[in-house]
Amino acid sequence: MNSLVVWSDKLLAYNLGDHPLDPVRVELTMALARELGVLDRPGVRKVTPEPATEDELLRVHRRDYLEAVRAAPDDPFFRGYGLNTPDNPVFDGMHEASALVCGATLAAARAVWRGEVQRAVNVSGGLHHAMPARAAGFCVYDDPAVAIADLLDQGAQRIAYVDIDVHHGDGVQEIFYDDPRVLTVSLHESPLTLFPGTGFPDETGGPRAEGSAVNLALPAGTGDAGWLRAFHAVVPSVLRTFRPQLIVLQAGADSHRLDPLANLRLSVDGQRAAQLAVRELADELCDGRLVATGGGGYALVEVVPRTWTHLLAMITGEPLDPATPTPQAWRDLAERLRPGRVVPATLSDGGTPKYTPWQPEAEADPLDRAIMATRRAVYPLHGLDPHDPRD
(Lines give C-alpha, C1' and ligand atoms only; values in the text may rest on other atoms or scores of the structure.)
Protein backbone atom coordinates (compact mmCIF):
# COMPACT_ATOMS: atom_id res chain seq x y z
CA MET A 1 0.00 0.00 0.00
CA ASN A 2 1.53 3.32 -1.08
CA SER A 3 0.82 6.48 0.89
CA LEU A 4 1.85 10.11 0.85
CA VAL A 5 2.91 12.49 3.61
CA VAL A 6 3.00 16.12 2.48
CA TRP A 7 5.35 18.15 4.64
CA SER A 8 7.77 21.05 4.76
CA ASP A 9 9.07 23.04 7.70
CA LYS A 10 7.78 26.07 5.77
CA LEU A 11 4.27 25.01 6.81
CA LEU A 12 5.18 26.21 10.30
CA ALA A 13 5.03 29.76 8.92
CA TYR A 14 1.24 29.68 9.39
CA ASN A 15 1.82 31.39 12.73
CA LEU A 16 -0.76 33.69 14.28
CA GLY A 17 1.64 34.76 17.04
CA ASP A 18 0.58 34.61 20.69
CA HIS A 19 -2.47 32.56 19.84
CA PRO A 20 -4.01 29.14 20.60
CA LEU A 21 -3.24 27.88 17.07
CA ASP A 22 0.48 27.49 17.70
CA PRO A 23 2.51 25.70 15.00
CA VAL A 24 4.53 23.95 17.71
CA ARG A 25 1.76 21.34 17.78
CA VAL A 26 2.55 20.40 14.18
CA GLU A 27 6.31 20.57 14.75
CA LEU A 28 5.99 18.15 17.69
CA THR A 29 3.67 15.87 15.71
CA MET A 30 6.16 15.44 12.89
CA ALA A 31 9.01 14.99 15.36
CA LEU A 32 7.14 12.25 17.23
CA ALA A 33 6.15 10.45 14.05
CA ARG A 34 9.73 10.65 12.81
CA GLU A 35 11.16 9.27 16.07
CA LEU A 36 8.73 6.34 15.91
CA GLY A 37 9.65 5.51 12.31
CA VAL A 38 6.19 6.27 10.94
CA LEU A 39 7.54 8.48 8.17
CA ASP A 40 10.08 5.90 7.01
CA ARG A 41 7.76 2.95 6.50
CA PRO A 42 7.91 1.04 3.22
CA GLY A 43 5.80 2.61 0.50
CA VAL A 44 5.61 6.03 2.14
CA ARG A 45 6.27 8.92 -0.22
CA LYS A 46 7.21 12.32 1.19
CA VAL A 47 6.50 15.40 -0.90
CA THR A 48 7.33 19.06 -0.34
CA PRO A 49 4.29 21.17 -1.23
CA GLU A 50 4.04 24.17 -3.52
CA PRO A 51 1.70 27.05 -2.66
CA ALA A 52 -1.75 26.93 -4.20
CA THR A 53 -1.98 29.29 -7.16
CA GLU A 54 -4.37 32.20 -7.34
CA ASP A 55 -6.56 30.28 -9.80
CA GLU A 56 -6.71 27.31 -7.42
CA LEU A 57 -7.70 29.54 -4.51
CA LEU A 58 -10.30 31.31 -6.63
CA ARG A 59 -12.23 28.06 -6.99
CA VAL A 60 -13.36 28.75 -3.41
CA HIS A 61 -12.39 32.29 -2.38
CA ARG A 62 -13.30 35.67 -3.87
CA ARG A 63 -10.66 37.75 -5.59
CA ASP A 64 -11.25 40.77 -3.35
CA TYR A 65 -10.68 38.55 -0.33
CA LEU A 66 -7.35 37.30 -1.68
CA GLU A 67 -6.35 40.91 -2.22
CA ALA A 68 -7.34 41.74 1.36
CA VAL A 69 -5.28 38.86 2.76
CA ARG A 70 -2.26 40.14 0.84
CA ALA A 71 -2.78 43.73 1.93
CA ALA A 72 -3.75 43.35 5.59
CA PRO A 73 -0.28 42.65 7.05
CA ASP A 74 0.95 46.03 5.74
CA ASP A 75 -1.86 48.02 7.36
CA PRO A 76 -2.04 47.96 11.19
CA PHE A 77 -5.52 49.51 11.04
CA PHE A 78 -6.93 47.07 8.49
CA ARG A 79 -10.51 46.02 9.16
CA GLY A 80 -12.86 43.75 7.29
CA TYR A 81 -13.08 40.24 5.88
CA GLY A 82 -12.72 38.80 9.40
CA LEU A 83 -9.05 39.83 9.49
CA ASN A 84 -7.11 41.64 12.21
CA THR A 85 -9.36 40.26 14.94
CA PRO A 86 -8.42 38.29 18.08
CA ASP A 87 -9.36 35.04 16.32
CA ASN A 88 -7.63 35.95 13.06
CA PRO A 89 -4.73 38.33 13.67
CA VAL A 90 -2.70 39.24 10.62
CA PHE A 91 0.93 38.24 10.24
CA ASP A 92 3.71 38.83 7.76
CA GLY A 93 3.48 36.50 4.78
CA MET A 94 -0.08 35.51 5.66
CA HIS A 95 -1.15 34.93 2.06
CA GLU A 96 1.94 32.87 1.25
CA ALA A 97 1.69 30.74 4.40
CA SER A 98 -2.03 30.12 3.93
CA ALA A 99 -1.58 29.29 0.24
CA LEU A 100 1.12 26.77 1.15
CA VAL A 101 -1.24 24.96 3.53
CA CYS A 102 -3.78 24.78 0.69
CA GLY A 103 -1.09 23.57 -1.71
CA ALA A 104 -0.21 20.76 0.69
CA THR A 105 -3.80 19.52 0.89
CA LEU A 106 -4.13 19.87 -2.88
CA ALA A 107 -1.04 17.69 -3.38
CA ALA A 108 -2.46 15.05 -1.05
CA ALA A 109 -5.87 14.99 -2.75
CA ARG A 110 -4.48 14.92 -6.29
CA ALA A 111 -2.14 12.04 -5.52
CA VAL A 112 -5.01 9.94 -4.19
CA TRP A 113 -7.44 10.89 -6.97
CA ARG A 114 -4.89 10.06 -9.68
CA GLY A 115 -4.21 6.66 -8.14
CA GLU A 116 -0.59 7.44 -7.32
CA VAL A 117 -1.20 6.49 -3.67
CA GLN A 118 -4.11 5.04 -1.74
CA ARG A 119 -3.98 7.48 1.20
CA ALA A 120 -2.40 10.86 1.85
CA VAL A 121 -2.14 13.34 4.71
CA ASN A 122 -1.37 16.99 5.43
CA VAL A 123 -1.37 17.42 9.20
CA SER A 124 -0.97 21.20 8.90
CA GLY A 125 -4.30 21.52 7.07
CA GLY A 126 -7.94 21.24 8.04
CA LEU A 127 -8.64 25.00 8.22
CA HIS A 128 -12.35 24.39 7.83
CA HIS A 129 -13.87 27.65 9.09
CA ALA A 130 -12.61 29.96 6.33
CA MET A 131 -15.39 31.30 4.12
CA PRO A 132 -15.23 32.49 0.50
CA ALA A 133 -14.69 36.10 1.59
CA ARG A 134 -14.00 35.91 5.32
CA ALA A 135 -11.43 34.56 7.72
CA ALA A 136 -12.95 32.81 10.73
CA GLY A 137 -11.99 30.55 13.60
CA PHE A 138 -8.20 30.84 13.07
CA CYS A 139 -8.61 29.93 9.37
CA VAL A 140 -7.62 32.19 6.47
CA TYR A 141 -7.99 29.92 3.42
CA ASP A 142 -10.14 26.78 3.48
CA ASP A 143 -7.72 24.08 2.34
CA PRO A 144 -10.18 21.13 2.46
CA ALA A 145 -12.63 23.06 0.31
CA VAL A 146 -9.92 24.13 -2.14
CA ALA A 147 -8.86 20.49 -2.54
CA ILE A 148 -12.44 19.24 -2.94
CA ALA A 149 -13.18 21.92 -5.54
CA ASP A 150 -10.09 20.82 -7.45
CA LEU A 151 -11.27 17.20 -7.43
CA LEU A 152 -14.66 18.26 -8.76
CA ASP A 153 -12.93 20.10 -11.58
CA GLN A 154 -11.06 16.89 -12.34
CA GLY A 155 -14.34 15.03 -12.76
CA ALA A 156 -15.13 13.67 -9.30
CA GLN A 157 -18.86 13.15 -8.79
CA ARG A 158 -19.11 11.96 -5.18
CA ILE A 159 -16.72 13.30 -2.54
CA ALA A 160 -17.49 12.66 1.14
CA TYR A 161 -16.06 15.11 3.66
CA VAL A 162 -16.03 13.75 7.23
CA ASP A 163 -15.18 16.29 9.94
CA ILE A 164 -14.43 15.01 13.46
CA ASP A 165 -13.15 18.32 14.85
CA VAL A 166 -14.96 19.50 17.99
CA HIS A 167 -16.17 22.55 16.04
CA HIS A 168 -18.67 22.40 13.21
CA GLY A 169 -17.06 22.32 9.76
CA ASP A 170 -19.05 25.37 8.74
CA GLY A 171 -16.84 26.73 5.96
CA VAL A 172 -16.72 23.50 3.99
CA GLN A 173 -20.45 22.95 4.52
CA GLU A 174 -21.34 26.46 3.32
CA ILE A 175 -19.13 26.27 0.24
CA PHE A 176 -20.72 23.00 -0.95
CA TYR A 177 -24.16 23.36 0.66
CA ASP A 178 -25.99 23.29 -2.66
CA ASP A 179 -23.71 20.86 -4.49
CA PRO A 180 -25.00 17.27 -4.54
CA ARG A 181 -21.55 15.98 -5.48
CA VAL A 182 -20.21 16.71 -1.99
CA LEU A 183 -21.52 15.09 1.19
CA THR A 184 -20.38 16.98 4.30
CA VAL A 185 -20.62 15.08 7.57
CA SER A 186 -19.69 16.85 10.80
CA LEU A 187 -19.63 15.53 14.37
CA HIS A 188 -19.13 18.41 16.77
CA GLU A 189 -20.05 19.86 20.12
CA SER A 190 -23.51 21.39 20.11
CA PRO A 191 -23.65 24.88 18.57
CA LEU A 192 -25.61 25.91 21.67
CA THR A 193 -22.37 25.74 23.67
CA LEU A 194 -19.52 26.24 21.18
CA PHE A 195 -18.29 28.30 18.22
CA PRO A 196 -19.31 28.73 15.43
CA GLY A 197 -22.97 28.39 16.46
CA THR A 198 -23.92 26.35 13.40
CA GLY A 199 -24.25 22.65 12.66
CA PHE A 200 -27.78 21.95 13.85
CA PRO A 201 -29.42 18.72 12.61
CA ASP A 202 -31.83 20.61 10.36
CA GLU A 203 -28.95 21.95 8.26
CA THR A 204 -29.30 19.27 5.58
CA GLY A 205 -28.23 20.89 2.31
CA GLY A 206 -29.52 23.43 -0.18
CA PRO A 207 -32.55 23.04 -2.46
CA ARG A 208 -30.50 21.29 -5.17
CA ALA A 209 -28.65 19.07 -2.68
CA GLU A 210 -31.04 18.02 0.06
CA GLY A 211 -29.39 15.49 2.33
CA SER A 212 -25.88 16.56 1.36
CA ALA A 213 -25.14 18.03 4.81
CA VAL A 214 -25.23 15.77 7.87
CA ASN A 215 -24.71 17.30 11.31
CA LEU A 216 -24.38 15.46 14.61
CA ALA A 217 -24.44 18.06 17.39
CA LEU A 218 -23.17 16.33 20.53
CA PRO A 219 -23.89 17.48 24.08
CA ALA A 220 -21.03 19.03 26.02
CA GLY A 221 -19.35 16.36 28.15
CA THR A 222 -19.66 13.57 25.56
CA GLY A 223 -16.78 11.10 25.90
CA ASP A 224 -15.38 8.19 23.92
CA ALA A 225 -18.33 5.83 24.34
CA GLY A 226 -20.95 8.41 23.43
CA TRP A 227 -18.97 9.87 20.52
CA LEU A 228 -18.39 6.44 18.98
CA ARG A 229 -22.03 5.49 19.59
CA ALA A 230 -23.13 8.59 17.67
CA PHE A 231 -20.64 8.08 14.85
CA HIS A 232 -21.66 4.48 14.24
CA ALA A 233 -25.36 5.35 14.53
CA VAL A 234 -25.22 7.77 11.59
CA VAL A 235 -22.03 8.00 9.56
CA PRO A 236 -21.69 4.50 8.04
CA SER A 237 -25.27 4.49 6.76
CA VAL A 238 -25.14 7.86 5.04
CA LEU A 239 -21.74 7.14 3.52
CA ARG A 240 -22.86 3.75 2.23
CA THR A 241 -25.90 5.33 0.61
CA PHE A 242 -23.83 8.15 -0.92
CA ARG A 243 -21.13 5.75 -2.24
CA PRO A 244 -18.20 8.19 -2.27
CA GLN A 245 -15.36 7.90 -4.73
CA LEU A 246 -12.99 9.39 -2.15
CA ILE A 247 -13.21 10.46 1.50
CA VAL A 248 -11.64 13.62 2.91
CA LEU A 249 -11.15 13.43 6.68
CA GLN A 250 -10.67 16.51 8.85
CA ALA A 251 -9.19 15.05 12.04
CA GLY A 252 -9.20 17.90 14.54
CA ALA A 253 -7.83 16.86 17.93
CA ASP A 254 -9.79 19.39 20.00
CA SER A 255 -12.48 16.92 21.05
CA HIS A 256 -10.04 15.74 23.75
CA ARG A 257 -10.93 16.26 27.39
CA LEU A 258 -7.78 18.36 27.96
CA ASP A 259 -8.47 20.79 25.14
CA PRO A 260 -8.77 24.30 26.61
CA LEU A 261 -11.23 25.65 24.03
CA ALA A 262 -14.02 23.04 24.03
CA ASN A 263 -16.07 20.74 26.20
CA LEU A 264 -16.06 17.20 24.80
CA ARG A 265 -14.30 14.48 26.78
CA LEU A 266 -12.59 12.15 24.33
CA SER A 267 -9.26 10.47 24.97
CA VAL A 268 -6.41 10.02 22.51
CA ASP A 269 -7.54 6.40 22.32
CA GLY A 270 -11.05 7.45 21.35
CA GLN A 271 -9.70 9.80 18.70
CA ARG A 272 -7.55 6.98 17.32
CA ALA A 273 -10.66 4.75 17.16
CA ALA A 274 -12.53 7.47 15.26
CA GLN A 275 -9.75 7.79 12.69
CA LEU A 276 -9.66 4.03 12.18
CA ALA A 277 -13.43 3.91 11.75
CA VAL A 278 -13.16 6.40 8.88
CA ARG A 279 -10.32 4.41 7.32
CA GLU A 280 -12.43 1.25 7.47
CA LEU A 281 -15.25 3.03 5.65
CA ALA A 282 -12.82 4.23 2.99
CA ASP A 283 -11.57 0.67 2.56
CA GLU A 284 -15.15 -0.61 2.27
CA LEU A 285 -16.61 2.09 0.02
CA CYS A 286 -13.93 3.62 -2.18
CA ASP A 287 -11.00 1.22 -2.45
CA GLY A 288 -9.26 2.90 0.47
CA ARG A 289 -9.03 6.34 -1.14
CA LEU A 290 -8.60 8.63 1.85
CA VAL A 291 -7.18 12.15 2.22
CA ALA A 292 -6.60 13.34 5.79
CA THR A 293 -5.82 16.70 7.33
CA GLY A 294 -5.29 17.95 10.83
CA GLY A 295 -7.52 20.72 12.14
CA GLY A 296 -8.14 22.15 15.60
CA GLY A 297 -6.34 21.06 18.73
CA TYR A 298 -4.95 23.31 21.44
CA ALA A 299 -3.46 20.95 24.03
CA LEU A 300 -0.21 21.52 22.18
CA VAL A 301 2.04 18.98 23.91
CA GLU A 302 -0.31 16.74 25.84
CA VAL A 303 -2.68 15.72 23.02
CA VAL A 304 -2.15 16.92 19.47
CA PRO A 305 1.23 15.28 18.71
CA ARG A 306 0.01 11.87 19.88
CA THR A 307 -3.40 12.05 18.14
CA TRP A 308 -1.89 13.12 14.85
CA THR A 309 0.95 10.62 15.09
CA HIS A 310 -1.80 8.00 15.26
CA LEU A 311 -3.31 9.71 12.20
CA LEU A 312 -0.01 9.53 10.32
CA ALA A 313 0.33 5.87 11.24
CA MET A 314 -3.22 5.14 10.11
CA ILE A 315 -2.51 6.74 6.74
CA THR A 316 0.89 5.11 6.22
CA GLY A 317 0.11 1.55 7.28
CA GLU A 318 -0.45 -0.35 10.50
CA PRO A 319 -1.91 1.54 13.47
CA LEU A 320 0.52 2.14 16.32
CA ASP A 321 0.02 0.25 19.57
CA PRO A 322 -1.45 2.77 22.02
CA ALA A 323 0.91 1.46 24.71
CA THR A 324 3.95 2.54 22.67
CA PRO A 325 6.24 4.75 24.81
CA THR A 326 7.03 8.20 23.55
CA PRO A 327 10.77 8.29 22.78
CA GLN A 328 13.04 10.10 25.21
CA ALA A 329 14.42 12.31 22.45
CA TRP A 330 10.91 13.53 21.69
CA ARG A 331 10.12 14.13 25.35
CA ASP A 332 13.30 16.18 25.64
CA LEU A 333 12.31 18.23 22.58
CA ALA A 334 8.81 18.84 23.96
CA GLU A 335 10.20 19.98 27.30
CA ARG A 336 12.63 22.30 25.55
CA LEU A 337 10.01 23.84 23.26
CA ARG A 338 7.31 24.11 25.92
CA PRO A 339 8.89 24.06 29.39
CA GLY A 340 6.58 23.16 32.22
CA ARG A 341 4.03 21.25 30.16
CA VAL A 342 3.14 17.65 31.02
CA VAL A 343 4.83 15.47 28.41
CA PRO A 344 3.02 12.15 27.90
CA ALA A 345 4.99 8.94 28.43
CA THR A 346 2.97 6.79 26.00
CA LEU A 347 0.68 7.16 22.97
CA SER A 348 -2.34 6.23 25.10
CA ASP A 349 -4.47 7.84 27.78
CA GLY A 350 -4.79 4.41 29.33
CA GLY A 351 -8.17 3.18 28.18
CA THR A 352 -9.75 0.97 25.52
CA PRO A 353 -12.72 2.78 23.93
CA LYS A 354 -15.94 0.80 23.93
CA TYR A 355 -19.48 1.80 23.07
CA THR A 356 -23.00 0.40 23.11
CA PRO A 357 -24.68 0.49 19.69
CA TRP A 358 -27.58 2.90 19.34
CA GLN A 359 -31.14 1.64 19.59
CA PRO A 360 -34.21 3.64 18.50
CA GLU A 361 -35.99 3.39 21.85
CA ALA A 362 -33.03 4.94 23.71
CA GLU A 363 -34.04 8.62 23.78
CA ALA A 364 -33.96 9.41 27.47
CA ASP A 365 -30.32 10.44 27.23
CA PRO A 366 -29.38 13.81 25.61
CA LEU A 367 -26.85 12.04 23.39
CA ASP A 368 -29.44 9.63 22.05
CA ARG A 369 -31.85 12.50 21.45
CA ALA A 370 -29.10 14.19 19.43
CA ILE A 371 -28.58 11.03 17.39
CA MET A 372 -32.29 10.71 16.68
CA ALA A 373 -32.57 14.38 15.73
CA THR A 374 -29.93 13.89 13.06
CA ARG A 375 -31.44 10.65 11.81
CA ARG A 376 -34.92 12.19 11.58
CA ALA A 377 -33.61 15.22 9.74
CA VAL A 378 -31.44 13.55 7.14
CA TYR A 379 -32.23 9.84 6.87
CA PRO A 380 -35.46 10.19 4.85
CA LEU A 381 -33.55 12.32 2.33
CA HIS A 382 -31.35 9.27 1.69
CA GLY A 383 -34.19 6.76 1.62
CA LEU A 384 -33.24 5.46 5.06
CA ASP A 385 -35.48 4.70 8.02
CA PRO A 386 -34.49 6.81 11.04
CA HIS A 387 -36.02 4.27 13.41
CA ASP A 388 -34.36 1.18 11.94
CA PRO A 389 -31.04 0.41 13.70
CA ARG A 390 -29.93 -1.58 10.64
CA ASP A 391 -29.87 1.68 8.63
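The following refers to the structure shown. As the structure is a prediction and not an experimental result, all values here were calculated from the model. (Residues numbered from 1 in each chain as written. Predicted model: local features only at pLDDT ≥ 70, side-chain atom pairs only at ≥ 80, totals over all residues. Heavy atoms only, no water.)

In this structure, W227, L239, I247 and L249 are the most contacted members of the largest nonpolar core, which totals 132 residues. Sorting elements by how many residues they give to this core places helix α4 (residues 94-113) first, with 12 residues. When near neighbours in sequence (up to four residues on either side) are disregarded, L239 contacts A160, V162, L183, V185, P244, I247, L281 and L285. (Core = buried A, V, L, I, M, F, W, Y, C linked by side-chain atoms within 4.5 Å. Buried < 20%, exposed > 50% of the residue type's maximum accessible area, 1.4 Å probe, protein only. Helix = DSSP H or I, 4+ residues; strand = E, 2+ residues; numbered from the N terminus. Contact = heavy atoms within 4.5 Å.)

Attention shifts here to the pairing of strand β3 (residues 119-122). Of the two faces of β3, the one holding R119 and V121 and the one holding A120 and N122 are both buried throughout. The sheet contact formed by strand β1 (residues 3-6) and β3 spans 3 bridges and is parallel. Within the sheet, the bridge partner assigned to V5 lies in β3 and is V121. Of the pairings in the sheet, the one linking β3 to strand β8 (residues 290-293) comprises 4 bridges and is parallel in character. Across the sheet, the residue bridging to V121 is A292, located in β8. (Pairing = 2+ DSSP bridges.)

The subject of this paragraph is the packing of α4 against helix α5 (residues 143-153). Two elements in contact, α4 and α5, have axes whose closest approach is 8 Å; the angle formed by their N-to-C orientations is 40°. The element α4 and its partner α5 pack so that their crossing is right-handed. In this structure, α4 contributes V101, C102, T105, L106, A109, R110 and W113 to the contact, and α5 contributes D143, P144, V146, A147, D150 and L151. Classifying every residue of the contact of α4 with α5 gives 9 nonpolar, 1 polar and 3 charged. (Axes fitted to C-alpha atoms, helices over the stretch in contact; angles between N-to-C directions. Left-handed = near helix turned anticlockwise from the far one by under 90°. Nonpolar A, V, L, I, M, F, W, Y, C, P; charged D, E, K, R; others polar.)

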